[in-house]
Structure formats: C-alpha cells, structure tokens
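Breakdown of the fold
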Amino acid sequence: MPVSSAKNSNNPDSSLERVYKPNFFIIGAAKSGTSSLWGYLNEHPEIFMSIPKEPGYFAPEWPGPKEEGRYLKIFQNAQSAHKRIGEASTMYLSCPGTAEQILTFCQKNQIKDPKLVVMLRNPADRAYSLYNWQVQEGYEYAGSFEKAISLEENRRSLKFPNPWLTGGYKYNYMYFHSGLYADQIQDYVEKFGKENLHVLIFEEFIQDAPTHLKEIYDFLGLELKDFLPEIKVYNPSYEVYSPLLQFGLRWVNRATIEKRPIRWFIKSKEQRDTLINLGHKKNKPPKLDPAKRKTLLNKYMSDIQKLEQHLDRDLSIWYR
C-alpha cells in the first residue's frame, strides 16, 4: 500500500514523497512457471511487479541484501493507479521462517489485506526441472539427476554460501525436499489464513491461462478482470554440453565478470552470464525417464495426500 509523507509541507517548493510497499507476494514454487506468471501480472495496468523479480528479502537463508530501505527502492516506480504492488521470490516457499518474516513486515508496516499467490507443480517434474536449471546456470556439477538426488542428504548439513558450490541458496540443491509442499503451504495458511492464499496448479494453469489469470485478478480485488496479457514462456530451459563445463564456466564468471569493478558496468543478466551462455545448446533438456519419474513420484505420494487435505482439493492431476 502507498504510504505518503511530506517534508516541509509549508514550503510551496517542496515535493510530496511517496513510499510504496508490497501488498502481495508470489511465494513459489521454484521452476513452476512463476517467471511467466510474474510477466503476465506485470502487464496488468493495476499491478506493479518489482524488478528484479526475486529480491528474496524475506528468506532468512537467501544470501541477498537485507536492508529494508534498499528493498523498498525496487517499488519506487509504482504509482497510485497500482492497486497491487508485488514481487515474486520462489525461495519464500522453500525457506523455513519466511512466512513469519513476511507477516512481521506486513504488521509493522500496516499493510492492509496482504495477499499471497503460489504456483505448485507436480513435485517430481519440478525437482527434475530445478536440477536442469541448476546445471544450466552452472550451479550443479552432478552429471545426472540421480546423482544430484543422492548428494542431497549430505548437502543438507552444509552451510551456505559454500566454498565448494557455486550456488548461494541451499534449498535449490534440495531437489527432493523442496518439493514437499504440505508443511510449507500449511505454514502460510496458519499465519495468513486460507482466504489470503491463492493456490494455482501449474498443469491446470498452462491448459487455460486466461481463466486462471481472471481468478487471480478477482483474488487481488482488481477492477480490470478481462485484461489479457501476451501468453508466452518467460524463462525457457536449455540443454548444456556438460554439467562440469557449466560449473567451471560459473567459477570463471564469478572470478571475473561478477567481481567489481566489472560488475558495476553489467546492466543485465544476459551480460553477466555471457560465459555461462556459451555452454547452452539450443534444444530443451531431455525428459525424465518415465520409470524413474514414477519411482520419484511414489516417494511424494504421502505428502501430496497431506497437501490435498490441507487445501481440501483434488490433486490427482499429478498422479493419475
């Protein structure tokens, strides 16, 4: 909600300062279509979405900056016409303690009617997609998805940022565990109420995005419920020549392009990741082997059933 303050209001030359604060949050899940959802909502004239998309401010284990003033600057271009001001940080779902941090912020800043949106994807498919993204970005050296899953238990005890891994966020390496949605969702329900959490299912959303967008508009209390953005994929995935090559390129990238003073001249992610992109092929990653997918999905079944109870919703689209 916008909070207005005026300095030296008796001075006719003084300007009115506005501080805009977020009143809705896309909280995840990672690799479940949130980049596209962010893009669609960003086009709506009554919505302002932050740039960068994922500030990660409220996630205790996210390595980014934690100064509130710096965080609020990403909303400074919002206007009074924007009824909803939001951001989309996928780590908010997987990182423990985040729901409490968002709630404390909303209470402290008197944010009225905060809303939460979450997109959930078949957890087996999401885990595999997260692995492919980690490989694509040079954060994962494991040469196969199965190998990465086998490393997960040991990595759970590691401290991040870790000197041996190029990625700074621990739960991006928790391919299986970050897909255990039930308790993650329940934490938000308990703190914000089910009525303030809008749950989307990725597989349903991609079948009929316009209908689901209208439901979001209604949930956010917008007037323009018939607005239709351009429907496209915002964050495509690519196969790589070698996970080890990507991992090495990320090390070189960190030692050169991501270091100051060079970083000061970087204006976009494409420029920052010039070396990383050299290892990308033009085609998409291969699909997960059906037998391995079924085995992994079976491990998720008890959590899916628990989630169905929390949401009072049929999720058989994931396992039928």
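Heads up: these notes are all about the structure in this document. Bear in mind the structure is a predicted one, so any value in this text is a computation, not a measurement. (Residues numbered from 1 in each chain as written. Predicted model: local features only at pLDDT ≥ 70, side-chain atom pairs only at ≥ 80, totals over all residues. Heavy atoms only, no water.)

With respect to the overall build of the chain
- The number of helices and strands found in the chain is 13 helices and seven strands.
- The globule rule puts the C-alpha radius of gyration for 320 residues at 20 Å, and the 20 Å found for the chain is close to it.
- Along the first, second and third principal axes, the C-alpha set of the chain runs to 70 × 50 × 40 Å.
- When the 320 residues of the chain are sorted by exposure, 50% land in the buried category.
- If you take every contact in the chain between residues at least 6 apart in sequence, the share linking residues at least 24 apart comes to 72%.
- Accessible area for the chain stands at about 16400 Å²; split by element, carbon and sulfur atoms hold 52% of it.
- One finds the centroid of the 44 positive side-chain charges in the chain at a distance of 6 Å from the centroid of its 38 negative side-chain charges. (Helix = DSSP H or I, 4+ residues; strand = E, 2+ residues; numbered from the N terminus. Rg over C-alpha atoms; globule rule 2.2 N^0.38 Å. Buried < 20%, exposed > 50% of the residue type's maximum accessible area, 1.4 Å probe, protein only. Contact = heavy atoms within 4.5 Å. Areas by Shrake-Rupley, 256 points an atom, 1.4 Å probe, with all protein chains shown as cover. Lys, Arg positive; Asp, Glu negative; His and termini not counted. Charge placed at Lys NZ, Arg CZ, Asp CG, Glu CD.)

Some thoughts on the pairing of strand β6 (residues 115-120)
- For β6, the buried fraction is high: six of the six residues fall into the buried class.
- Along β6, one buried face is formed by K115, V117 and M119 and the opposite face, lined by L116, V118 and L120, is buried too.
- Of the pairings in the sheet, the one linking β6 to strand β7 (residues 197-201) comprises five bridges and is parallel in character. In the sheet register, L116 faces β7, and the bridge partner there is L197. (Pairing = 2+ DSSP bridges.)

Concerning the sheet that holds strand β5 (residues 84-88)
- One open sheet holds the five strands; their spatial order is β4-β5-β3-β6-β7, and the pairing between them is parallel. Only two strands of the sheet have a single neighbouring strand rather than two, namely β4 (47-49) and β7. Here the strands of the sheet are splayed against their neighbours by 20° on average, with no regard to which way each runs.
- As paired strands, strand β3 (residues 24-26) and β6 are joined by three bridges and run parallel to one another. Bridge pairing in β6 links F25 to L116.
- Sheet strands in contact with helix α9 (residues 209-219) are β6 and β7, and its direction is about 175° off that of β7. (Axes fitted to C-alpha atoms, helices over the stretch in contact; angles between N-to-C directions.)

Focus: helix α4 (residues 98-108)
- Residues T98, A99, I102, L103, F105 and C106 constitute the buried set of α4. For α4, the angular spread of the buried residues around the axis is 160°, confining them to a single face. Across from the buried face of α4, at angles greater than 90 degrees, the exposed residues are Q107 and K108.
- Buried residues along α4 sit against β3, α2 (68-72), α3 (91-94) and α7 (181-192).
- Positive backbone phi, approximately 55°, marks Q110, located one or two places after α4. (Arc of directions from axis to C-beta.)

Notes on the nonpolar core
- Within the largest apolar cluster, 67 residues are counted, with the highest numbers of intra-cluster contacts made by L120, I185 and Y188.
- Excluding anything up to four places from it in sequence, L120 contacts A29, S32, L93, Y181, I185, V199, L200, I201, F202, E203, L307 and W318.
- One finds I26, W38, V117 and F205 within the second-largest nonpolar core, a separate group that totals 21 residues. (Core = buried A, V, L, I, M, F, W, Y, C linked by side-chain atoms within 4.5 Å.)

A closer look at the packing of α4 against α7
- Taken N-terminus to C-terminus, the directions of α4 and α7 make an angle of 25°; their axes are 9 Å apart at the nearest point. What the angle tells us is that α4 and α7 run roughly parallel. Handedness of the α4/α7 crossing: right-handed. For the pair formed by α4 and α7, the contact residues are T98, A99, E100, I102 and L103 on the first element and D187, Y188, K191 and F192 on the second.
- Taken together, the residues of the contact of α4 with α7 break down into five nonpolar, one polar and three charged. (Parallel < 35°, antiparallel > 145°, perpendicular 65-115°, else oblique. Left-handed = near helix turned anticlockwise from the far one by under 90°. Nonpolar A, V, L, I, M, F, W, Y, C, P; charged D, E, K, R; others polar.)

Side note on the packing of aromatic side chains
- For the structure on display, the rule yields 22 aromatic pairs.
- With 5.1 Å between their ring centres and 65° between their planes, F58 and F105 make a pair best called edge-to-face. Within this pair, whereas F58 is found in the loop between β4 and α2, its partner F105 is found in helix α4, the two being separated by 47 residues in sequence.
- Using a relative accessible area of 3% as the deciding quantity, one classes F58 as buried.
- Measuring from ring centre to ring centre gives 5.8 Å for Y169 and Y171, while their planes differ by 55°; the resulting arrangement is tilted.
- Judged by relative accessible area, which is 16%, Y171 ranks as buried.
- Taken together, the ring pairs connect F25, Y57, F58, Y71, F75, Y92 and F105 into an aromatic cluster. (Phe/Tyr/Trp six-rings, centres within 6.5 Å; stacked < 30°, edge-to-face > 60°.)

The values are spatial; any link to function lies outside them.
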